[in-house]
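One letter stands for each residue in the lines below.
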Amino acid sequence: AQKVTQAQTEISVVEKEDVTLDCVYETRDTTYYLFWYKQPPSGELVFLIRRNSFDEQNEISGRYSWNFQKSTSSFNFTITASQVVDSAVYFCALSEVGIQKLVFGTGTRLLVSP
Amino acid sequence: EPEVTQTPSHQVTQMGQEVILRCVPISNHLYFYWYRQILGQKVEFLVSFYNNEISEKSEIFDDQFSVERPDGSNFTLKIRSTKLEDSAMYFCASRNDHGANQPQHFGDGTRLSIL
(Lines give C-alpha, C1' and ligand atoms only; values in the text may rest on other atoms or scores of the structure.)
Protein backbone atom coordinates (compact mmCIF):
# COMPACT_ATOMS: atom_id res chain seq x y z
CA ALA A 1 0.00 0.00 0.00
CA GLN A 2 1.08 3.54 -0.61
CA LYS A 3 1.73 5.88 2.24
CA VAL A 4 3.32 9.30 2.65
CA THR A 5 4.45 10.55 6.04
CA GLN A 6 5.23 14.14 6.88
CA ALA A 7 6.17 13.97 10.52
CA GLN A 8 6.58 17.72 10.98
CA THR A 9 3.16 19.20 11.61
CA GLU A 10 4.29 22.80 11.88
CA ILE A 11 7.60 24.61 11.57
CA SER A 12 8.23 28.21 12.54
CA VAL A 13 11.28 30.09 11.31
CA VAL A 14 12.44 33.65 11.04
CA GLU A 15 12.95 35.18 7.64
CA LYS A 16 16.27 34.30 5.96
CA GLU A 17 16.60 31.03 7.85
CA ASP A 18 16.94 27.81 5.88
CA VAL A 19 14.30 25.18 6.50
CA THR A 20 13.93 21.54 5.46
CA LEU A 21 10.59 19.78 5.18
CA ASP A 22 10.75 16.02 5.53
CA CYS A 23 8.84 13.46 3.50
CA VAL A 24 9.04 9.68 3.86
CA TYR A 25 7.09 7.39 1.59
CA GLU A 26 6.12 3.73 1.31
CA THR A 27 5.36 1.86 -1.87
CA ARG A 28 5.75 -1.67 -3.19
CA ASP A 29 6.32 -0.51 -6.73
CA THR A 30 9.76 -0.03 -8.22
CA THR A 31 8.50 2.76 -10.48
CA TYR A 32 6.71 5.64 -8.84
CA TYR A 33 6.56 9.42 -8.84
CA LEU A 34 6.93 11.94 -6.07
CA PHE A 35 5.56 15.45 -5.96
CA TRP A 36 5.55 18.51 -3.75
CA TYR A 37 2.61 20.90 -3.68
CA LYS A 38 2.24 24.22 -1.89
CA GLN A 39 -1.04 25.37 -0.37
CA PRO A 40 -0.86 29.08 0.54
CA PRO A 41 -3.41 30.65 2.92
CA SER A 42 -5.67 31.37 -0.05
CA GLY A 43 -6.23 27.61 -0.31
CA GLU A 44 -5.22 26.60 -3.82
CA LEU A 45 -2.78 23.76 -4.50
CA VAL A 46 0.29 24.77 -6.46
CA PHE A 47 2.54 22.19 -8.08
CA LEU A 48 6.22 22.67 -7.20
CA ILE A 49 8.18 19.67 -8.41
CA ARG A 50 7.99 16.04 -9.49
CA ARG A 51 10.61 13.32 -9.32
CA ASN A 52 10.69 9.90 -10.98
CA SER A 53 11.85 6.96 -8.89
CA PHE A 54 14.62 6.14 -11.35
CA ASP A 55 16.07 9.64 -11.23
CA GLU A 56 17.87 10.27 -7.96
CA GLN A 57 19.53 13.45 -9.11
CA ASN A 58 18.81 16.26 -6.71
CA GLU A 59 17.34 19.44 -8.05
CA ILE A 60 17.69 23.10 -7.29
CA SER A 61 15.33 25.80 -8.45
CA GLY A 62 16.19 29.21 -7.09
CA ARG A 63 15.80 29.07 -3.30
CA TYR A 64 14.17 25.63 -3.47
CA SER A 65 16.04 22.34 -3.52
CA TRP A 66 14.96 18.73 -3.27
CA ASN A 67 16.88 15.74 -1.94
CA PHE A 68 15.60 12.36 -3.13
CA GLN A 69 17.12 9.31 -1.44
CA LYS A 70 15.71 5.93 -2.44
CA SER A 71 17.77 4.13 0.21
CA THR A 72 15.82 5.90 2.96
CA SER A 73 12.57 6.40 0.97
CA SER A 74 12.78 10.11 1.53
CA PHE A 75 12.11 13.14 -0.62
CA ASN A 76 12.98 16.20 1.42
CA PHE A 77 12.43 19.81 0.45
CA THR A 78 14.69 22.67 1.51
CA ILE A 79 13.93 26.36 1.28
CA THR A 80 17.03 28.52 1.51
CA ALA A 81 16.79 32.04 2.92
CA SER A 82 13.08 31.71 3.68
CA GLN A 83 10.71 34.60 3.06
CA VAL A 84 7.34 35.51 4.53
CA VAL A 85 5.70 34.57 1.22
CA ASP A 86 6.88 31.00 1.76
CA SER A 87 4.36 30.68 4.60
CA ALA A 88 2.02 27.90 3.52
CA VAL A 89 1.18 24.25 4.00
CA TYR A 90 3.44 22.00 1.96
CA PHE A 91 2.25 18.58 0.85
CA CYS A 92 4.35 15.69 -0.37
CA ALA A 93 2.53 13.22 -2.63
CA LEU A 94 3.14 9.85 -4.28
CA SER A 95 1.76 8.30 -7.45
CA GLU A 96 2.36 4.80 -8.79
CA VAL A 97 2.42 3.60 -12.38
CA GLY A 98 -1.00 2.42 -13.45
CA ILE A 99 -2.58 3.89 -10.32
CA GLN A 100 -3.18 7.46 -11.19
CA LYS A 101 -4.26 8.92 -7.92
CA LEU A 102 -2.04 11.09 -5.78
CA VAL A 103 -1.59 9.94 -2.20
CA PHE A 104 -0.84 12.95 -0.05
CA GLY A 105 0.93 13.29 3.25
CA THR A 106 -0.70 15.22 6.05
CA GLY A 107 1.22 18.35 5.18
CA THR A 108 3.67 20.59 7.02
CA ARG A 109 2.60 24.11 7.92
CA LEU A 110 5.50 26.51 7.50
CA LEU A 111 5.29 29.88 9.25
CA VAL A 112 7.93 32.41 8.29
CA SER A 113 7.95 35.49 10.45
CA PRO A 114 9.67 38.77 9.59
CA GLU B 1 -0.76 29.79 -18.53
CA PRO B 2 -3.81 27.52 -18.83
CA GLU B 3 -5.48 26.62 -15.58
CA VAL B 4 -8.21 24.49 -14.08
CA THR B 5 -11.25 26.53 -13.11
CA GLN B 6 -13.86 25.56 -10.55
CA THR B 7 -17.26 27.02 -9.79
CA PRO B 8 -18.66 28.06 -7.44
CA SER B 9 -15.89 29.05 -5.08
CA HIS B 10 -18.21 28.55 -2.11
CA GLN B 11 -21.43 26.54 -1.93
CA VAL B 12 -23.75 26.47 1.06
CA THR B 13 -26.39 23.74 1.02
CA GLN B 14 -28.93 22.27 3.39
CA MET B 15 -28.34 18.69 4.50
CA GLY B 16 -30.12 16.23 2.24
CA GLN B 17 -29.99 18.48 -0.79
CA GLU B 18 -28.21 17.62 -4.01
CA VAL B 19 -25.18 19.65 -5.01
CA ILE B 20 -23.20 19.82 -8.26
CA LEU B 21 -19.65 21.10 -8.29
CA ARG B 22 -18.29 22.20 -11.63
CA CYS B 23 -14.83 22.12 -13.13
CA VAL B 24 -13.31 23.10 -16.43
CA PRO B 25 -10.04 21.17 -16.82
CA ILE B 26 -7.12 22.37 -18.93
CA SER B 27 -8.19 21.97 -22.53
CA ASN B 28 -5.71 19.38 -23.82
CA HIS B 29 -5.79 17.26 -20.66
CA LEU B 30 -7.39 13.83 -20.75
CA TYR B 31 -7.23 12.66 -17.11
CA PHE B 32 -9.53 14.24 -14.56
CA TYR B 33 -9.74 13.90 -10.81
CA TRP B 34 -11.68 14.98 -7.78
CA TYR B 35 -10.12 15.28 -4.34
CA ARG B 36 -11.46 16.62 -1.09
CA GLN B 37 -9.85 18.25 1.93
CA ILE B 38 -11.72 18.41 5.20
CA LEU B 39 -10.70 21.56 7.06
CA GLY B 40 -7.20 21.27 8.46
CA GLN B 41 -6.68 17.76 7.15
CA LYS B 42 -4.88 16.18 4.23
CA VAL B 43 -6.03 16.05 0.64
CA GLU B 44 -7.89 12.79 -0.13
CA PHE B 45 -8.48 11.19 -3.50
CA LEU B 46 -12.10 10.65 -4.52
CA VAL B 47 -12.18 9.57 -8.16
CA SER B 48 -10.28 9.56 -11.43
CA PHE B 49 -11.89 9.74 -14.85
CA TYR B 50 -10.48 8.91 -18.26
CA ASN B 51 -11.97 8.16 -21.66
CA ASN B 52 -15.46 8.96 -20.39
CA GLU B 53 -15.43 6.51 -17.53
CA ILE B 54 -14.28 6.20 -13.96
CA SER B 55 -10.84 4.60 -13.82
CA GLU B 56 -10.51 4.46 -10.05
CA LYS B 57 -12.49 5.53 -7.01
CA SER B 58 -11.85 5.57 -3.29
CA GLU B 59 -13.96 4.23 -0.43
CA ILE B 60 -15.22 7.76 0.15
CA PHE B 61 -16.79 7.80 -3.32
CA ASP B 62 -19.93 5.86 -2.47
CA ASP B 63 -23.31 5.72 -4.22
CA GLN B 64 -24.07 9.28 -3.17
CA PHE B 65 -21.35 10.54 -5.49
CA SER B 66 -21.22 10.63 -9.26
CA VAL B 67 -19.12 12.31 -11.91
CA GLU B 68 -19.91 13.34 -15.42
CA ARG B 69 -18.32 15.01 -18.39
CA PRO B 70 -21.46 16.36 -19.99
CA ASP B 71 -19.69 18.12 -22.85
CA GLY B 72 -16.18 18.65 -24.17
CA SER B 73 -15.14 21.06 -21.47
CA ASN B 74 -16.93 20.53 -18.14
CA PHE B 75 -16.31 17.88 -15.51
CA THR B 76 -18.82 17.72 -12.67
CA LEU B 77 -19.08 16.09 -9.26
CA LYS B 78 -22.58 15.47 -7.94
CA ILE B 79 -23.43 14.62 -4.37
CA ARG B 80 -26.97 13.28 -4.32
CA SER B 81 -28.04 13.75 -0.72
CA THR B 82 -25.51 15.76 1.21
CA LYS B 83 -24.52 14.99 4.78
CA LEU B 84 -22.87 17.22 7.35
CA GLU B 85 -19.62 15.28 6.94
CA ASP B 86 -19.49 16.21 3.24
CA SER B 87 -18.45 19.72 4.31
CA ALA B 88 -14.97 20.16 2.84
CA MET B 89 -12.95 21.82 0.13
CA TYR B 90 -13.32 19.94 -3.13
CA PHE B 91 -10.53 20.14 -5.65
CA CYS B 92 -10.68 19.25 -9.30
CA ALA B 93 -7.44 18.34 -11.08
CA SER B 94 -6.39 17.38 -14.57
CA ARG B 95 -3.27 16.14 -16.30
CA ASN B 96 -2.15 15.43 -19.83
CA ASP B 97 -1.60 11.97 -21.30
CA HIS B 98 2.19 12.11 -21.45
CA GLY B 99 2.64 9.62 -18.65
CA ALA B 100 1.84 9.09 -14.98
CA ASN B 101 4.80 11.24 -14.01
CA GLN B 102 3.06 14.33 -15.33
CA PRO B 103 1.82 16.62 -12.57
CA GLN B 104 -1.82 17.04 -11.83
CA HIS B 105 -2.87 20.67 -12.00
CA PHE B 106 -5.43 21.70 -9.44
CA GLY B 107 -8.21 24.24 -9.50
CA ASP B 108 -8.69 26.71 -6.66
CA GLY B 109 -11.31 24.49 -5.07
CA THR B 110 -14.95 24.77 -4.07
CA ARG B 111 -15.65 25.14 -0.38
CA LEU B 112 -18.79 23.14 0.36
CA SER B 113 -20.61 23.93 3.59
CA ILE B 114 -23.50 21.67 4.61
CA LEU B 115 -25.92 23.13 7.15
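Can you tell me about the overall build of chain A, naming the residues and giving the values?
A tally of helices and strands in chain A yields zero helices and twelve strands. Sequence-ordered secondary structure for chain A, helices as α and strands as β, is β-β-β-β-β-β-β-β-β-β-β-β. Rg of the C-alpha trace for chain A: 14 Å, near the compact-globule value of 13 Å for 114 residues, within the 12% margin. Along the first, second and third principal axes, the C-alpha set of chain A runs to 45 × 25 × 20 Å. Looking at chain A residue by residue over its 114 residues, the buried ones come to 50%. At a minimum sequence separation of 6, the contacts of chain A that also span at least 24 residues come to 56%.

Before we move on, could you go through the packing of aromatic side chains and cite the residues and values that matter?
Under the criterion given, the structure shown has 25 aromatic pairs over all chains. Ring centres 5.1 Å apart and planes at 50° place the aromatic pair Y25 of chain A and Y32 of chain A in the tilted group. For the ring pair W66 of chain A and F77 of chain A, a centre distance of 5.0 Å and an interplane angle of 5° mean the geometry is stacked. Remark: F77 of chain A occurs in strand β9 (residues 74-79) and W66 of chain A occurs in strand β8 (residues 64-69); sequence separation between them is eleven residues. Each member of the pair, W66 of chain A together with F77 of chain A, is buried. Put simply, the rings of F35, Y37, F47, F91 and F104 of chain A together with Y33, Y35, F45, F91 and F106 of chain B touch in pairs and so form one group of aromatic residues. Above the ring of Y31 of chain B, the side-chain terminus of R95 of chain B is found at 3.9 Å from the ring centroid.

Residue-level account of the state of the cysteines, with values.
Scanning all chains against the criterion turns up two disulfides over all chains. Shown here is the disulfide that connects C23 of chain A with C92 of chain A, its sulfur atoms set 2.0 Å apart. Taking the sign of the torsion about the S-S bond as the criterion, the disulfide between C23 of chain A and C92 of chain A, at about -65°, is left-handed. Here the residue C23 of chain A occupies a position in the loop between β3 (19-21) and β4 (24-26), and C92 of chain A occupies one in strand β10 (residues 88-96), the gap between them amounting to 69 residues. The class for C23 of chain A is buried, based on a relative accessible area of 0%. With a sulfur-sulfur separation of 1.9 Å, C23 of chain B is cross-linked through a disulfide to C92 of chain B. Because the torsion about its S-S bond is -65°, the bridge between C23 of chain B and C92 of chain B counts as left-handed.

Quick rundown of the environment of T31 of chain A? Include the residues and the values.
All names here are of chain A. If you trace the backbone, T31 turns up in the loop between β4 and β5 (32-39). Accessibility expressed as a relative area gives 28% for T31, which makes it partly exposed. Each C-alpha atom, one on T31 and one on N67, is 18 Å from the other, the two residues being 36 residues apart in sequence.

Could you give an account of the nonpolar core, with specific residues and numbers?
The nonpolar side chains of a soluble globular protein tend to be buried with one another. Residue and element names in this part refer to chain A. If you look at the biggest cluster of nonpolar residues, it comprises 24 residues, and the most contacted ones within it are W36, F75, F77, Y90 and L110. For this core, the secondary-structure elements that each account for two or more residues are β2 (10-14), β3, β5, β8, β9, β10 and β12 (108-113). Examining the composition of this core, we find that four residues originate from one element, β10, more than from any other.

Please provide a residue-by-residue account of the pattern of salt bridges, values included.
Enumeration according to the criterion identifies five salt bridges over all chains in this entry. Note that D86 of chain A is salt-bridged to R63 of chain A, the shortest N-O span being 2.8 Å. Placement of D86 of chain A in the loop between β9 and β10 and of R63 of chain A in the loop between β7 (59-61) and β8 is noted, with a sequence separation of 23 residues between them. Judged by relative accessible area, D86 of chain A falls into the buried class, the value being 1%. In this structure, K101 of chain A and E56 of chain B form a salt bridge, with 3.5 Å as the shortest nitrogen-oxygen distance. Placement of the pair is K101 of chain A in strand β11 (residues 99-104) and E56 of chain B in strand β6 (residues 53-57), with the two residues belonging to separate chains. For E56 of chain B, a relative accessible area of 21% translates into the label partly exposed. Three or more residues joined by partner-sharing salt bridges are found here, namely R51, D55 and E59 of chain A.

What counts and what doesn't
- Residues numbered from 1 in each chain as written.
- Chains lettered and ligands numbered in written order.
- Predicted model: local features only at pLDDT ≥ 70, side-chain atom pairs only at ≥ 80, totals over all residues.
- Heavy atoms only, no water.
- Helix = DSSP H or I, 4+ residues; strand = E, 2+ residues; numbered from the N terminus.
- Rg over C-alpha atoms; globule rule 2.2 N^0.38 Å.
- Buried < 20%, exposed > 50% of the residue type's maximum accessible area, 1.4 Å probe, protein only.
- Contact = heavy atoms within 4.5 Å.
- Phe/Tyr/Trp six-rings, centres within 6.5 Å; stacked < 30°, edge-to-face > 60°.
- Lys NZ or Arg CZ within 6 Å of the ring centre and 35° of its normal.
- Disulfide = S-S within 2.5 Å.
- Core = buried A, V, L, I, M, F, W, Y, C linked by side-chain atoms within 4.5 Å.
- Salt bridge = Lys/Arg side-chain N within 4 Å of Asp/Glu carboxyl O.

Limitation: the analysis is restricted to geometry and does not speak to function.
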